Amino acid sequence: MDEPVEEVKWSRNSVEVDTASRGRHRARCAIITLPLGVLREDTVRFTPPLPRRKQVAIHDLGCGKVVKVFVRVDSFREGVRYALSNCAVPVWWPRQVGRHSVLVGWASGQSADRLSDELPVDVKCRAAQSVGAIFPRLLPVRFDDIHVVDWFTEEFSRGGYSYTPTGCDGDARRTDLAAPEGGTLLFAGEATDRVYYSTVTGAARSGRRAAQEALGILRLT
Ligand SMILES: Cc1cc2nc3c(=O)[nH]c(=O)nc-3n(C[C@H](O)[C@H](O)[C@H](O)COP(=O)(O)OP(=O)(O)OC[C@H]3O[C@@H](n4cnc5c(N)ncnc54)[C@H](O)[C@@H]3O)c2cc1C
């Protein structure tokens, strides 16, 4: 479609998808692959609303934050392949990008929750402090050489990966999330896979499953 979907109107035998530039697409069925975080934000309107079991699944499953930081440095000769720390950005590894050395920082879980609440400029400060604490030789780090990607604030992601919060019946909720609705809407995406959720493997498996479901519907039509 190449543009954001704004509304999905569905009934028993057809679906109509409206996009941002007033594009309209009609089909017998649709595979919804929106990330869990986007489904939760309600930025894509479903008319009629998704059934209650689907909404419960969307809200009960966890949507993990990930903040990734890229720091360009003059050269990286620390002989470290992977650093794990208790700094604000706790995990770092080096990459060579063309002729540039780049340190990649990773924060997930509570570290990402904390960073995601901060202003971008403060996240850059924390990243520079983390690099300085782990690799003091690399100081000073220039702010212009720091790039931050917060997957939670990305409009089309709204999170990094799904997880099963304590006390949540993950298998049941993922089954509900994956369930077809009205013989029209099919659901794929990592959060719908009961085994390999949070991963590309889970996303790919769910895509194959939903494609089979779509073929089943089209054969019967
Ligand atoms: C930083 C990071 C690193 C990761 N590393 C790994 C790894 O090493 N190995 C691994 O297995 N997994 C990894 N994962 C997880 C993996 O990337 C995901 O599980 C997988 O990509 C999810 O695929 P998906 O198809 O479910 O969702 P996505 O790949 O998020 O696809 C959803 C699509 O929906 C689109 N979309 C959203 N809103 C709209 C809208 N309104 N209209 C139209 N389209 C919309 C998005 O643009 C996107 O293209 C990582 C995740 C992150 C965030």
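Our subject is the structure listed above.
Conventions adopted
Residue numbering note: each chain is counted from 1, following its sequence as written. Totals for whole chains, interfaces and linings use every residue, but because this is a predicted model, local features are given only for residues with pLDDT of at least 70 and side-chain atom pairs only at 80 or more, for both listing and counting. Where side-chain values are given, they derive from all heavy atoms of the structure, hydrogens and water being excluded. Helix numbering and strand numbering both begin at the N terminus, where a helix is a DSSP run of H or I of at least 4 residues and a strand a DSSP run of E of at least 2. Working definition: with a 1.4 Å probe on protein chains only, accessible area under 20% of the residue-type maximum means buried, over 50% means exposed, and in between means partly exposed. Residues adjacent in sequence count toward polar contacts only when both atoms are side-chain atoms; beyond that, a polar contact is any pair of N or O atoms within 3.5 Å, and within protein one must be able to donate a hydrogen and the other to accept it. Any pair of residues with heavy atoms lying within 4.5 Å of one another is described as a contacting pair. A pairing counts as a salt bridge when a side-chain nitrogen of Lys or Arg comes within 4 Å of a carboxyl oxygen of Asp or Glu. Between the first and last residue of a helix there are one fewer steps than residues, each counted as 1.5 Å, and that sum is the expected span. This arc describes the spread of directions from the helix axis toward the C-beta atoms.

Undergrad: How should the side chain of Glu-16 be read in this particular structure?
TA: Topologically, Glu-16 is positioned in strand S2 (residues 15-19). Here Glu-16 falls in the buried class, since its relative accessible area comes to 14%. Reaching out from Glu-16, the side chain makes a polar contact with the side chain of Arg-24 at a distance of 3.3 Å. Excluding residues that lie within four positions of it along the chain, Glu-16 makes contacts with Glu-7, Val-8, Lys-9, Arg-24, His-25 and Arg-26.

Undergrad: Before we go on, may I ask you to explain the pattern of salt bridges in this structure?
TA: When their charged atoms lie close together, side chains carrying opposite charge are able to pair. Per the stated rule, a full pass over the model turns up 18 salt bridges. One salt bridge in this structure joins Arg-137 and Glu-78, with 2.6 Å as the shortest N-O distance. Here Glu-78 lies in the loop between strand S7 (66-73) and strand S8 (83-84) and Arg-137 lies in the loop between helix H4 (120-134) and strand S11 (146-150), a separation of 59 residues in the sequence. When its relative accessible area of 24% is taken as the criterion, Glu-78 is described as partly exposed. Salt-bridge contacts for Arg-126 lead to Glu-118; the nearest nitrogen and oxygen are separated by 2.9 Å. You can call Glu-118 partly exposed: its relative accessible area is 23%.

Undergrad: Help me understand helix H6 (residues 200-220) in this model?
TA: Owing to its 3.6 residues per turn, the α-helix brings residues three or four apart onto one side. With 21 residues, H6 should cover 30 Å at 1.5 Å per step; its first-to-last C-alpha distance of 31 Å lies within 8% of that length. Among all positions of H6, only Gly-202, Ser-206, Ala-210, Ala-214 and Ile-217 are buried. The arc that holds the buried residues of H6, viewed along the axis, is 105 degrees, so those residues lie on one side. Exposed residues on H6 whose side chains face more than 90 degrees from its buried face are Val-200, Arg-208, Gln-212 and Arg-219. Buried residues along H6 sit in contact with strand S4 (30-32) and strand S13 (185-187). The N-capping residue of H6, defined by a side-chain oxygen 3.4 Å from the backbone nitrogen of Thr-201, is Thr-199.

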